[in-house]
Amino acid sequence: MIGAASAVLSALALVDPRLRSLLGAGLFLAVLSLVQDRRRLFLPLLALLLAVPCFLGFSLGADSMNYFAYTSSLLADRDLDFTNQWARLGFEDSSKTPTGLVPNVLSAGPGLIWMPAVALTHAWLSSTAGPVDPLRLSVPYYAAAAATSLAIILAAILTLARALEARFGAASAWLAVLSVVLASPILYYAAVQPLMSHGLTFAFAAFCLAFTLRAERERTLPGWAWCGATLGLAMLCRAQAVPFVLMVLAGLWRARAGWQAALVAAFAAAAFFSPQLLSWKVLYGSFLTIPQGDGFIDWKGRHAIDVLISADRGLFNWHPVLLLGLLGLLFAMKGLGAYAVAALAIFAFTTFLNGSVRDWNASAAFGGRRFDLVLPLLALGLAALLSKV
C-alpha cells in the first residue's frame, strides 16, 4: 500500500502542475516502502524515477511528437487524420498519402500504449478544472505518456534481471542488466526523450526474452502466449523487431514445445501487431509498406561496420561495455545453444539493416539508438560471461 501510494503521488505531481507539492510526500513514502520491504521494488522505484522528469523535465525533440500524434488523433478526433495535429504543432507537410491523408511515417505503437494514461489524465484534469487541452497536446498529457514509458521500462528491467537471475545467479544477472541499461542509449531514451520509441522497444524485447526463458522452464500455453504478446508489442513499437521471433522459436525448440504452443505464440504476436497493419492500411492503402519510401533502405548494408565502430554514433564506440555482451554470446554458445545462435542472428540482421538505412547514423540520436532491440540480448550474453568469471 505504501509503495502504491508513493507511485500515485509522484505520478500526480508529474502530470498536474498544481500538485507538484505532492512529490515530496511521494518520495518519502517510496523510501519508507523500500526500507520496509526490499522485495517489492517496482512501485517505490517508479515513484523515485518519476521525480526525475519532475525536477529536470524532458525533451520533446526529434520524432517525439510524431509518435504522440497518434495518441492525440485517436483520442481527440477518433481518426488517423493528422491535419489538425500538424497545424497545431507547426509542422509543414503539404504531401498526401495514397489515401489522401497527411503522412506519419513513424510507428503507431507508442501512441497506442500511451492512450490509457493520457485518457485518464484528461479525465482528471476535466473533473478538477485543470488545464484541459482538447487535442491533448500540452505538457500534462506528454507527462502522462512519459510516466507510462518509464513504468514499462522499469518493469521490463526488473523482469529481465529476475529471469536471468534464475539462470546465472543474482550477481551476474543484475550486474549485466544494469550495465547494459546504464551504459547504453536506453537511459537517455527513458529519462531525456521518453516519447521516442526506443525505450518501449527495448522494454518489450526484454519482456519477450524474459518470458521466453520462463516459458521454456514452465512449458505452459499461457507462458507462450505472453512471449507472443510481448513480441507483437515490440514489433508494434518498431517493425524492425520482427527478427526477435527467432528468440521465441529458439525457446520453443529448446522446450520441445508442440504445435499448440507455437500457434498460441504466433496468434498473440499477430494480434498485438495488427494495429500497425491497420494503421498502414488506413494511411497508405496497404497492410505492409515502408512509409519512408523505397529509397529509405537500400538493403546493401554499406555502413554495417560504421554503425558498430564509427565515431559518428557507432554502437561500440559510444557504448563499449556492450561489446562484452556480444563476446558473451559467442563464448557461451555451448551453454546457451539455440538462444545464442538466435541472438547473434538478430544482432547481425539489425547491424545490416541499420547500415542499409539512408541516415545510417540515426540523425539526431544519442549513441546507437536503433540497436534498442538487441540490448536485452547483450544483457543475456554479458550475464553468461560474468557467470563464468
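Check the entry above for the structure.
Residues numbered from 1 in each chain as written. Predicted model: local features only at pLDDT ≥ 70, side-chain atom pairs only at ≥ 80, totals over all residues. Heavy atoms only, no water.

Engineer: In this structure, what is going on with a nonpolar patch on the surface? I would like to understand it.
Structural biologist: Together, Leu49, Val52, Phe55 and Leu56 give the surface a local cluster of nonpolar side chains, amounting to about 410 Å² of exposed area. Within the secondary structure, Phe55 is located in helix H3 (residues 42–56). (Patch = residues over 30% accessible without salt bridge, like charges linked within 9 Å, V, L, I, M, F, W, Y side chains within 5 Å. Areas by Shrake-Rupley, 256 points an atom, 1.4 Å probe, with all protein chains shown as cover. Salt bridge = Lys/Arg side-chain N within 4 Å of Asp/Glu carboxyl O. Helix = DSSP H or I, 4+ residues; strand = E, 2+ residues; numbered from the N terminus.)

Engineer: Looking at this structure, I do not really get the environment of Leu378. What am I missing?
Structural biologist: Within the secondary structure, Leu378 is located in helix H19 (residues 375–387). Residue classification places Leu378 among the buried positions, given a relative accessible area of 1%. Beyond its immediate sequence surroundings of up to four residues, Leu378 is in contact with Val180, Leu322, Gly325, Leu326, Leu329 and Phe347. (Buried < 20%, exposed > 50% of the residue type's maximum accessible area, 1.4 Å probe, protein only. Contact = heavy atoms within 4.5 Å.)

Engineer: I'm lost on the environment of Gln260 in this one. Help?
Structural biologist: Relative to the assigned elements, Gln260 resides in helix H13 (residues 259–284). Separated by 39 residues in sequence, Gln260 and Leu221 have C-alpha atoms that sit 7.7 Å apart.

Engineer: What is the right way to look at the nonpolar core in this model?
Structural biologist: Looking at soluble globular proteins, one finds that nonpolar side chains tend to be buried together. Judged by nonpolar contacts, the single largest core of 126 residues is most densely connected at Phe68, Leu164, Phe244 and Met247. Among the elements that line this core, the one with the most residues is helix H7 (residues 139–168), at 20 residues. (Core = buried A, V, L, I, M, F, W, Y, C linked by side-chain atoms within 4.5 Å.)

Engineer: Help me understand the side chain of Arg238 in this model?
Structural biologist: Along the chain, Arg238 falls in the loop between helix H11 (221–237) and helix H12 (245–254). A distance of 2.6 Å separates a polar atom in the side chain of Arg238 from a polar atom in the side chain of Gln240. (Polar contact = N/O pair within 3.5 Å; in protein donor to acceptor, adjacent residues only side chain to side chain.)

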